[in-house]
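Observations on the model geometry
Each chain, letter by letter, is given below.
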Amino acid sequence: MDLTYTPREQEFRARLRAWLAEVLPGLPPRPSPDDWPGRRAYDLGWQRRLYDAGYAGLHWPVDAGGHGATPTQHLIFLEETERAGAPYVGANFVGLLHAGPTIAAEGTAEQRARWLPPVLRGDEVWCQGFSEPGAGSDLASLRTLAIRDGDDYVVTGSKVWTSHAEVADWCELLVRTDPAASRHRGISWVAMPMDAPGITVRPLRTLAGSTEFAEMFLDEVRVPVGHRVGAENDGWRVTMVTLSFERGTAFVGEVVACRRTLGELARAAKANGRWDDPVLRRRLGRLYAEFGALWRLTQWNVSGAQRSGGVPGIGGSVFKLAYSHARQELYDTAAEVLGPDALVLDGPWMPDRLSSLSYTIAAGTSQIQRNIVAERILGLPKGR
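All values derive from a computational prediction rather than experimental measurement. (Residues numbered from 1 in each chain as written. Predicted model: local features only at pLDDT ≥ 70, side-chain atom pairs only at ≥ 80, totals over all residues. Heavy atoms only, no water.)

Moving on to the overall build of the protein. Along the protein, the regular secondary structure elements total eleven helices and eight strands. A fraction of 72% describes how many contacts in the protein between residues 6 or more apart in sequence connect residues 24 or more apart. (Helix = DSSP H or I, 4+ residues; strand = E, 2+ residues; numbered from the N terminus. Contact = heavy atoms within 4.5 Å.)

Here is the structure:
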């Protein structure tokens, strides 16, 4: 992978930086964390600005509504938007970072034309309906049942940790379409409209006080068969595509943010005298090296995804495993640097520290990632 910048890429960076400097001061104030309709409007408003300026779906294939940008241009976009403090994808992260890319990779031409443009324009929000009370890490144990009835599936069951269900228009939903098949072979991936009769959403409050997750109960919800992405009972393979996006590229913007946070901690340590502690300096230095290595791995994964037709490989599991633990250590170190200031519940540091605890579970637990690395990269036998 060539890590140097061409004149065209340098020009792209300069143009993007100038656009951000012009548009960011005019953004409205961020809404309250508990104001989900306001947050949806704010996040989609930012997405629309990106779309109108030609930056939405920058790295998506042209035939999926994107611009077919190079991996380096994609990474420059992430670097510059984080550096400028631009809004993140927010409520639309499922649609932009894994449902949309999955449809771009696996959907029919009609499905791509129906669902991808509204995601890129900031018109529609997606949520994720994968995990169930008895099927979290062991996702193939899911029991939400979809019974074929003419041109519809009739879906009954429940989901948990359904990201942004409270403001979503669509749900990427895993259902069991063949209960008699083996666990991995009777699953289908469908797009469910969230305004369909029979859907009940109950928000879940996290340790950090936020409610971006929900329980979702499905009582004979009718979903058109034409909303199935991929073949019937081939949903496990499609799910692996979704998870490869979630693990391999969905966190890349956060790596840039963590590197910025690390710089803020170093400055804080110098200001409050903690920099004089050699053990702390060594810890900060090691984290600096770790996040530098994660950024290089990100570059490799993004480049590899483009070479493989846009779908990240199992390198995403290596990244997810290393990143989730590095993020936790980053915020543990923040508590060491800041002392009591890091313990203020409504302060700037505590919400991120609390949310960091979930990263070894989200998008597949660290134990699952270790199994993937052991079996698919190192070639070790499966455990009994």
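Another aspect to go through is the nonpolar core. Core analysis: the largest hydrophobic core is formed by 42 residues, its most contacted members being W19, W46, Y55, L265, F291 and L330. Secondary-structure elements contributing two or more residues to this core are α1 (7–23), α2 (36–53), α3 (71–83), α7 (252–272), α8 (278–307) and α9 (315–338). When sequence neighbours within four positions are dropped, the list of residues in contact with W46 reads W19, L20, V23, L24, L27, A86, P87 and Y88. Counting residues in each nonpolar core, the second largest holds 26 residues, with F130, L174, V229 and V238 among its members. (Core = buried A, V, L, I, M, F, W, Y, C linked by side-chain atoms within 4.5 Å. Buried < 20%, exposed > 50% of the residue type's maximum accessible area, 1.4 Å probe, protein only.)

This part covers α1. At 3.6 residues per turn, the α-helix brings residues three or four places apart onto the same side. With 17 residues, α1 extends 24 Å between its outermost C-alpha atoms, agreeing within 8% with the 24 Å of an ideal straight helix rising 1.5 Å per residue. Next to the buried residues of α1 lie α2 and α3. (Expected span 1.5 Å × (residues − 1).)

With that settled, consider the confidence of the model for the protein. Overall, the prediction assigns the protein a mean pLDDT of 85, with 85% of residues at 70 or greater. Within the protein, strand β8 (residues 228–229) carries the highest mean pLDDT (98), whereas helix α11 (residues 366–377) carries the lowest (68). (pLDDT = per-residue confidence, 0-100.)

Attention shifts here to the side chain of E79. Of note, E79 is situated in helix α3. Assessed through its relative accessible area of 19%, E79 is described here as buried. Ignoring sequence-local partners within four residues, the contact set of E79 consists of Y5, R13, V256 and W295.

A word on the pairing of strand β7 (residues 213–224). Strand direction decides the pairing type here: strand β3 (residues 152–159) and β7, joined by seven bridges, are antiparallel. Residue V155 lies in a different strand from β7, and its bridge partner there is V221. In this sheet, β7 lies alongside strand β6 (residues 199–204) in antiparallel orientation, the contact comprising six bridges. Considered in β7, the bridge of T200 is made with F217. (Pairing = 2+ DSSP bridges.)

With that settled, consider the pattern of salt bridges. What the rule picks out here adds up to 25 salt bridges. Across the pair R237 and D234 runs a salt bridge, and its minimum N-O distance is 2.9 Å. A cluster of three or more residues bridged by salt bridges with shared partners is formed by R274, D277, R283, R286, E290, E329 and E336. (Salt bridge = Lys/Arg side-chain N within 4 Å of Asp/Glu carboxyl O.)

As a further point, take unusual backbone geometry. Excluding glycine, most residues fall at negative phi; most peptide bonds, likewise, are trans. A positive phi angle, near 55°, is found at E220, a position not held by glycine. Of note, E220 is situated in strand β7. Positioned with a positive phi, N233 is a non-glycine residue whose angle comes to about 70°. Residue placement: N233 occurs in the loop between β8 and α6 (235–248).

Once that is clear, we can look at the packing of aromatic side chains. Evaluation of the coordinates by the stated rule reveals eight aromatic pairs. Consider the rings of F12 and Y55, whose centres lie 6.2 Å apart with planes at 65°: the pair is edge-to-face. Of this pair, F12 sits in helix α1 while Y55 sits in the loop between α2 and α3, and the two are 43 residues apart along the sequence. The same class applies to F12 and to Y55, which are both buried. Between W19 and Y55, the aromatic rings sit 5.2 Å apart at their centres with planes inclined by 50°, giving tilted as the arrangement. (Phe/Tyr/Trp six-rings, centres within 6.5 Å; stacked < 30°, edge-to-face > 60°.)

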